[in-house]
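Each chain, letter by letter, is given below.
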Amino acid sequence: MATIESMLAGKRILAIDDLVESRSSMKKMLQILGADEVDIAMDGDEATEHILHKDYDLVISDYNLGKGRDGQQILEEARFTHRLKATSTFIMLTGENAMDMVMGAVEYEPDDYVTKPFTIDVMRKRLTRILTTKAELRNINEAIDEQNFAEVLVRCDELLIEKPRLANRILRIKGRALMRLKQHKKALALYELILAEREISWALLGKAVALYYLQQLDKSKEVLKYTIKSHPKYVQCYDYLAKIQIQQKDLEAAQMTLQDAVRVSPKQVLRQMELGRIAFTNKDFPVAESAFRQSVKLARHSCYKSVKNYLMFAKSVQYKISPKNTRDTRTASQEAFRSMDEVKTTYKDNPEYSFEATLIESTTFTNLGKDADAKLKAEQAGAMLDKIKKPTAAMQLAMAHTYIATKQHAKAQDLLGDLTSREDLSAAELRELNRTRDEISETVVREYTTEINDRAIEFFERGQLSQAIELFDKATAYKEAGIAVLLNAIQAKITYMDQRSVDAKMAKEVNELLGRLGNLPRSDERYNRWQQLVKSQQRIMRAL
Amino acid sequence: MAFDVNTLLSAELHSIKNQMQALLSAQSDLADALADYPEFQKPIQLVQTNGQLLSHNIIELLSVLKIQNTAFEPNIDENWLCDTVALVIQALGAMGSDVKVQMDFDPDLNAYYDEQLISIAIHNCFVNAIHAGATEIRVEVEEQPQGSLELLIKDNGEGFNDAQLEQGEFNPKGAASGLGLYLMDQALAIHARTINGQLQRGWVKVANLDQGGACITLFIP
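Source: prediction; values computed, not measured. (Residues numbered from 1 in each chain as written. Chains lettered and ligands numbered in written order. Predicted model: local features only at pLDDT ≥ 70, side-chain atom pairs only at ≥ 80, totals over all residues.)

1. Digging into the overall build of chain A
- Tallying secondary structure elements over chain A gives 28 helices and five strands in all.
- In terms of C-alpha radius of gyration, chain A reaches 34 Å, well past the compact-globule figure of 24 Å for 544 residues.
- In terms of principal-axis extent, the alpha carbons of chain A reach across some 110 × 50 × 40 Å.
- In chain A, which comprises 544 residues, the share counted as buried stands at 46%. (Helix = DSSP H or I, 4+ residues; strand = E, 2+ residues; numbered from the N terminus. Rg over C-alpha atoms; globule rule 2.2 N^0.38 Å. Buried ≥ 20, exposed ≤ 12 C-beta atoms within 10 Å, placed from the backbone.)

Below is the structure:
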């Protein structure tokens, strides 16, 4: 075995601990052991900053780092963003109660851990062993860094013969490589072989995951529940259990499982996001609110930062908002608006995000009972949507809902008309489209056509026939346009042709409008007017 | 109550361990700073010895919690036996013991056990030996099928008396005697594994050697 001094010399090392005495004592310890390049960081943000700018060979981090991200999250983000290679070593300093949480990650686990309290002799021994093992696995880790998992398997098999004492470490890597290569049957066989000798928690999870990918969901669930019973802090088991429950459409059970998981490990962003998403789907808004609030907070300086967290958080608090001026309403609405301001500032170069944020602002105003503000925001959102080159069906549907909420049913109807002509609607979107269409009130649309009609009449009476006809065309485009609107449109077009010249296209339009009207009964007070217009149209048709 | 007892205990233990870590570091810094002052070496040695003892007692306390309190689970993980034993030897050395310990097994031998519990068990074996006048201790390993181990800790001390050899169970006879063996027994018993469909627990056996001295066997399933 090489000495620790030779293994540490020339290596770039980062030590992370939130306590100042621990940081300086760790640095000193490492220097005594032979390290000559040691950086220190006190929290997740500082550590991430260091890791972004330097390639470290060794990172030693305390698991508990106070309020912000913990050591496990730093590790996950560093590996996820490939800032820390598989050939680099990550050691966690941890207490007893965090062991399963630390060592259980399927994807991103530390190379090893050291429990406090430790003396320099303990650190010397542990580091020597860890770095020696790491050196022996270097060949395999290089293949992992190259993402060449077929080669990983080859090297694992070679090393198993050469170093049988490292069997469990090698088999653990082999299992993960088989999963990456989607060789799930082989992975299952491997884990079962390991479990036949000893019930190791990571092998149990590995087996469950292999069964999951082989679509043996009930068996996978069984293994996961069993593992959770004996290792209740093995939080990745909860994640997979929830995945299965979602696939089996048991969303309430999935939510319960994820809630258990976040109780064990509350700082994992992706888990909080998933819990928020499921709770929102289950309409459990208090849980969704809490989960998305945590997601926003935890992800603020992390690689998992996402606009979705902000948007979903603001949507989740809507249940608290009402026209009553309660404290809950005030706090929730302020949080919603603040969140949307943050979206617009942080993602100002993304018009789609700004659009979604504006929609939520409109919803918030609607819930506050501030209809004028809600309508204004809806119009702003509508203008933004018009500028988006390829809006998704989801965006259009959301806009339609907002139009309906702000009593702009005619605009909603127009938008749904555009949606109907799309060829890329999913089954769910089609269902949503039909549901939304049912929400449109004929009465409200008719009122809208009446408003347009009134403006058109003003133009007509001033002799501005072209402008009047333009507005009448707009009003009559809606099937909800009433008899009066249709008669006015017919009259404007006939008057135009009488004053200018007969136009075949306009004559055809008049015929279509008369067709829509059908025959008015004599009892209708507009019967005489209708009769006169029909005769005028017949005269025009003879002139053509 | 806002927190349950176990949560409070965990929090307190966490603080104690951090404090202990700080103390051990400060101890080490102090020893370095006064290395050139012979008049301070004896008091420093005392500080270090007591620091080690305190650290050991904290680990022992944690071990007791693991044994007695289901909220504190043992952490069965892969460990290198050679490292575990070496650290026990170093800790004893820091407490002033000069007993010679020989490790007579493959230095790359690894096994699954809770390192803190097994360290306590090995530590107590060594302390027993020292108290029985041993100057030499030898650690051997017999590897059993399916990854189980028997650790044989042999010494050249006085050996066990008849009463100790005859007792079927280890019971603490009050704070002054029997506690070490009892804790050892419990620490091993908590290591349980199903092998070929049968639950096997760890155990401790004591015996005297024909050539004199004692042998404590620790079975780790």
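2. Looking at the interface of chain B and chain A
- Chain B puts 26 residues into the contact, and the matching count from chain A is 21 residues.
- Looking at the side of chain B that touches chain A, the elements that each hand over two or more residues are α1 (5-33), α2 (41-68), β1 (76-80), α3 (81-94) and β3 (110-114) of chain B.
- A per-class count over the side of chain B that touches chain A returns nine nonpolar, twelve polar and five charged. (Contact = placed C-beta atoms within 7 Å. Nonpolar A, V, L, I, M, F, W, Y, C, P; charged D, E, K, R; others polar.)

3. Some points on the domain arrangement of chain B
Residue and element names in this part refer to chain B.
- For chain B, the assigned domains are domain 1 (5-68) and domain 2 (76-220).
- With centres defined by C-alpha atoms, the gap from domain 1 to domain 2 works out at 24 Å.
- At the junction of the two partners, domain 1 supplies eleven residues and domain 2 supplies 13 residues.
- A per-class count over the side of domain 1 that touches domain 2 returns four nonpolar, five polar and two charged. (Domains from an automatic or database assignment.)

4. Observations concerning the pairing of strand β1 (residues 12-16) of chain A
Residue and element names in this part refer to chain A.
- Of all five residues making up β1, four are buried, and the element is well covered by its neighbours.
- As paired elements, β1 and strand β2 (residues 37-41) share five bridges and run parallel to each other. Paired with Ile-13 across the two strands is Val-38, which belongs to β2.
- On the question of chirality, the crossover connecting β1 to the parallel β2 by way of helix α2 (residues 20-32) is right-handed.
- Here β1 runs beside strand β3 (residues 58-62); their pairing, made up of four bridges, is parallel. In the strand pairing of β3, Ile-16 is matched with Ser-61. (Pairing = 2+ DSSP bridges. Right-handed = clockwise from strand over helix to strand, strands pointing away.)

5. Concerning the nonpolar core
- Counting residues in each nonpolar core, the largest one holds 90 residues, and the members touching the most others are Val152(A) and Ala208(A).
- When residues of this core are assigned to their parent elements, the largest contribution, nine residues, is made by helix α11 (residues 201-213) of chain A.
- The residues touching Ala208(A), leaving out its near neighbours within four places in the chain, are Ser220(A), Val223(A), Leu224(A), Thr227(A) and Tyr240(A).
- Judged by nonpolar contacts, the second largest core, of 76 residues, contains Leu75(A), Trp80(B), Phe126(B) and Met184(B). (Core = buried A, V, L, I, M, F, W, Y, C linked by C-beta atoms within 7 Å.)

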